[in-house]
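# Notes for the structure review
Chain by chain, the residues run as shown.
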Amino acid sequence: SECVMVDEENVQVPCTSWNYDTSVFHSTIAMEWDLVCEKALLIPLYQTIYTVGCLLGSILAAYVAHRFGRRWAVRVGALGTVLGTVVFLTTPWLYLLLASRFILGITVSTMICP
């Protein structure tokens with residue numbers, strides 16, 4: 001398979017490095033953090049986390065808009081989106097990237113839903 005290789009003694013050993021096709025994209029999340037083999041499940045998790053954040057953000061937006069007004073809901077959502085985007089663009093850690101993706105889902109929904 002693509003996740004193991006056979007050494008000189010015909011023993012299967014796990015791969016430690018991969019070659020990526022960069023003819024279409026120069027860099028992707030899968031390339032950046034080697035999301036292959038046992039880490040391949042993190043690729044759909046990346047979008048799922050954002051979708052769950054959007055769902056929670058929609059519920060939160062309704063409460064914030066009702067309690068404090070739509071103007072404040074949009075302001076808080078816009079500020080959270082800017083801060084979440086800065087963290088998202090500058091983080092070197094995968095799990096902080098996933099957390100910022102969740103925060104972006106919440107704040108984008110809060111900004112556009114009220």
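Procedures and definitions
- Residues numbered from 1 in each chain as written.
- Predicted model: local features only at pLDDT ≥ 70, side-chain atom pairs only at ≥ 80, totals over all residues.
- Heavy atoms only, no water.
- UniProt positions renumbered as here; feature names shortened; annotations may be inferred.
- Helix = DSSP H or I, 4+ residues; strand = E, 2+ residues; numbered from the N terminus.
- Core = buried A, V, L, I, M, F, W, Y, C linked by side-chain atoms within 4.5 Å.
- Buried < 20%, exposed > 50% of the residue type's maximum accessible area, 1.4 Å probe, protein only.
- Contact = heavy atoms within 4.5 Å.
- Phe/Tyr/Trp six-rings, centres within 6.5 Å; stacked < 30°, edge-to-face > 60°.
- Lys NZ or Arg CZ within 6 Å of the ring centre and 35° of its normal.
- Axes fitted to C-alpha atoms, helices over the stretch in contact; angles between N-to-C directions.
- Parallel < 35°, antiparallel > 145°, perpendicular 65-115°, else oblique.
- Left-handed = near helix turned anticlockwise from the far one by under 90°.
- Nonpolar A, V, L, I, M, F, W, Y, C, P; charged D, E, K, R; others polar.
- Expected span 1.5 Å × (residues − 1).
- pLDDT = per-residue confidence, 0-100.

### Details of the UniProt feature "transmembrane region" (unreviewed entry) in the protein
UniProt annotation of "transmembrane region" (unreviewed entry) refers to residues 41-65 and 72-89 when read in the numbering used here. Secondary structure over residues 41-65 splits into 96% helix and 0% strand, and the C-alpha atoms at its two ends are 36 Å apart. The distance separating the terminal C-alpha atoms of residues 72-89 is 26 Å; by composition the span is 100% helix and 0% strand.

### Quick notes on the nonpolar core
Counting residues in hydrophobic clusters, the biggest one holds seven residues: Leu35, Leu42, Tyr46, Ile49, Leu94, Leu97 and Leu98. Elements with a contribution of two residues or more to this core: helix 2 (42-68) and helix 4 (94-112). For Leu98, the contacting residues outside a window of four places in its chain are Leu45, Tyr46 and Ile49.

### Focus on the packing of aromatic side chains
Scanning the model with the defined rule gives zero aromatic pairs in all. In this structure, Arg75 packs its charged tip against the face of Trp72, placed 5.0 Å from the ring centre. Over the aromatic face of Tyr50 sits the side chain of Arg101, whose NZ or CZ is 4.4 Å from the ring centroid.

### Focus: the packing of helix 3 (residues 70-90) against helix 4
Here helix 3 crosses helix 4 at 160°, and the two axes come no closer than 8 Å. Overall, the two elements helix 3 and helix 4 adopt an arrangement that is roughly antiparallel. The two elements helix 3 and helix 4 cross, and the hand of that crossing is left-handed. Along the contact surface, helix 3 presents Ala73, Val74, Gly77, Ala78, Gly80, Thr81, Gly84, Thr85, Val87 and Phe88, while helix 4 presents Leu96, Leu97, Ser100, Arg101, Leu104, Thr107, Val108, Thr110 and Met111. A per-class count over the contact of helix 3 with helix 4 returns 10 nonpolar, eight polar and one charged.

### Some words on the environment of Pro14
Mapped onto the fold, Pro14 is located in strand 2 (residues 12-14). The exposed category is assigned to Pro14, whose relative accessible area is 59%. Residues Pro14 and Glu2, spaced 12 residues apart in sequence, show a C-alpha to C-alpha distance of 9.2 Å. Residues contacting Pro14, with those up to four places away along its chain left out, are Cys3 and Val4.

### Section: helix 3
Helix length check: helix 3 (21 residues) gives 30 Å between terminal C-alpha atoms against 30 Å at 1.5 Å per residue, within 8%. Its buried side turned inward, helix 3 meets helix 2 and helix 4.

### So, the confidence of the model for the protein
Mean pLDDT over the protein works out to 86, with 98% of the residues at or above the 70 mark. At the level of individual helices and strands, the protein shows its lowest average pLDDT in strand 1 (residues 4-6), which scores 74, and its highest in helix 3, which scores 92.

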